[in-house]
Amino acid sequence: MPDLPAATQRSRVRVPLRFGDGYRVDAELVTFHGLADGREHLAVVLGDPAPGTVPLVRLHSECLTGDVFGSARCDCGPQLREAVERIAERGGVLLYLRQEGRGIGLYNKLDAYALQDQGLDTYAANTALGLPEDARDYTAAAQMLQALGIAELDLLSNNPDKAGQLRDLGIAVHDRVPTGVFTTAHNVRYLRAKVLQTQHTLPLAELTELGVG
């Protein structure tokens, strides 16, 4: 188990959040000093866990196209919206991680989209660009959790790699809680690739029924 360099809280500020469907909730946004990758990651603290329970936590990788512009080519925007409400109800933290395109950056992600339009899946497109299928490292996320005093949690995620990396970094993940499935005509191939390539816990049979071979 690695000895993580300590990060510290830099600032905390309360921000009322409002979503396009009318959902509103108050959050506390936390910034940090000393994160391993030097990026401006953000913790969104929501609600209060009941005594004797662990917080619900989501590691949400930044997706400008999905989170901001509502792109239907991924499920990131709906996952973000769902996570905020579910965490607020139970109490916990959403870590908003600046890892666009599974860590390859916005421009590379859009280049990968162009290759997907030619028939490659999301992982093969990254490889064709000479990039990792998934370049995300969750060391900074573990540092953020430690700085917030969170050593154990339930993880809101369909991605087993997130839970595995957190455990390797010394965070006790009790349960991995699946997110909803948000399919569109434009993202079903992307979701199916996540199941087949990186073992995301999504209903493969349903995705196949939607016409993806």
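Quick caveat, the model's predicted, so the values are computed rather than measured.

### A closer look at the pairing of strand β6 (residues 152-156)
Link 1 in the chain: Among the five residues of β6, four are classified as buried, and the element is accordingly described as predominantly covered.
Link 2 in the chain: Pairing of strand β4 (residues 56-61) with β6 involves two bridges; the strand directions are parallel. In the strand pairing of β6, L56 is matched with D154.
Link 3 in the chain: As judged from the four bridges shared by β6 and strand β7 (residues 172-177), these two strands associate in the parallel manner. In the strand pairing of β7, L153 is matched with V173.
Link 4 in the chain: Each parallel crossover has a hand, and for β6 linked through helix α7 (residues 160-168) to β7 it is right-handed.

### Here's the deal with the sheet that holds β7
In a beta sheet, neighbouring strands are held together by backbone hydrogen bonds and run either parallel or antiparallel to one another.
Link 1 in the chain: With respect to topology, seven strands assemble into an open sheet ordered β1-β2-β3-β5-β4-β6-β7, the strand pairing being mixed. Of all strands in the sheet, those with a lone pairing partner are β1 (8-18) and β7, marking the two edges. Strand-to-strand twist across the sheet, computed as the mean angle between neighbouring axes with direction ignored, equals 30 degrees.
Link 2 in the chain: Sheet strands in contact with helix α2 (residues 76-90) are β1, β2 (24-33), β3 (42-46), β4, β5 (92-97), β6 and β7, and its direction is about 160 degrees off that of β4.
Link 3 in the chain: Contacting β1, β2, β3, β4, β5 and β6, helix α6 (residues 139-147) crosses the sheet at an angle of about 145 degrees to β5.

### Details of the pairing of β2
Link 1 in the chain: β2 sits mainly inside the fold: seven of its ten residues count as buried.
Link 2 in the chain: Pairing geometry for β1 and β2, over ten bridges, is antiparallel. Opposite V15, over in β2, you have A27 as the bridge partner.
Link 3 in the chain: Counting the residues that bridge the hairpin from β1 to β2 gives five residues, and of these G22 lies at a positive phi of roughly 100 degrees.
Link 4 in the chain: Bridge count for β2 against β3 is three bridges, and the pairing is antiparallel. When the bridges of β3 are listed, V30 appears paired with A43.

### Observations regarding the nonpolar core
Link 1 in the chain: A43, L59, V93, L95, L145, L153 and L166 are the most contacted members of the largest nonpolar core, which totals 27 residues.
Link 2 in the chain: Among the elements of the structure, β2, β3, β4, β5, α6, β6 and α7 are those that each provide at least two residues to this core.
Link 3 in the chain: Tallying contributions element by element places α6 first for this core, with five residues.
Link 4 in the chain: Counting 17 residues, the second largest nonpolar core, distinct from the first, contains Y23, A83, A88 and L94.

### A look at the packing of aromatic side chains
Link 1 in the chain: In this structure the tally under the stated criterion is one aromatic pair.
Link 2 in the chain: Measuring from centroid to centroid gives 6.1 Å for F19 and Y23, while their planes differ by 40 degrees, and the two rings are tilted.
Link 3 in the chain: Residue classification places Y23 among the buried residues on the basis of a relative accessible area of 17%.
Link 4 in the chain: A cation over a ring is seen here: R73 above Y113, with NZ or CZ 4.3 Å from the ring centre.

### Things to note about the pattern of salt bridges
Link 1 in the chain: Scanning all chains against the criterion turns up nine salt bridges.
Link 2 in the chain: Across the pair R81 and D21 runs a salt bridge, and its minimum N-O distance is 2.9 Å. Note that R81 is positioned in helix α2 and D21 in the loop between β1 and β2, a separation of 60 residues in sequence.
Link 3 in the chain: The class for R81 is buried, based on a relative accessible area of 18%.
Link 4 in the chain: Two residues, D154 and R90, come together in a salt bridge whose shortest N-O distance is 2.5 Å.

### Points about the side chain of T122
Link 1 in the chain: Relative to the helices and strands, T122 resides in helix α5 (residues 122-128).
Link 2 in the chain: Side chain to side chain, T122 and R102 meet in a polar contact 3.0 Å long.

Conventions adopted
- Residues numbered from 1 in each chain as written.
- Predicted model: local features only at pLDDT ≥ 70, side-chain atom pairs only at ≥ 80, totals over all residues.
- Heavy atoms only, no water.
- Buried < 20%, exposed > 50% of the residue type's maximum accessible area, 1.4 Å probe, protein only.
- Helix = DSSP H or I, 4+ residues; strand = E, 2+ residues; numbered from the N terminus.
- Pairing = 2+ DSSP bridges.
- Right-handed = clockwise from strand over helix to strand, strands pointing away.
- Axes fitted to C-alpha atoms, helices over the stretch in contact; angles between N-to-C directions.
- Contact = heavy atoms within 4.5 Å.
- Core = buried A, V, L, I, M, F, W, Y, C linked by side-chain atoms within 4.5 Å.
- Phe/Tyr/Trp six-rings, centres within 6.5 Å; stacked < 30°, edge-to-face > 60°.
- Lys NZ or Arg CZ within 6 Å of the ring centre and 35° of its normal.
- Salt bridge = Lys/Arg side-chain N within 4 Å of Asp/Glu carboxyl O.
- Polar contact = N/O pair within 3.5 Å; in protein donor to acceptor, adjacent residues only side chain to side chain.

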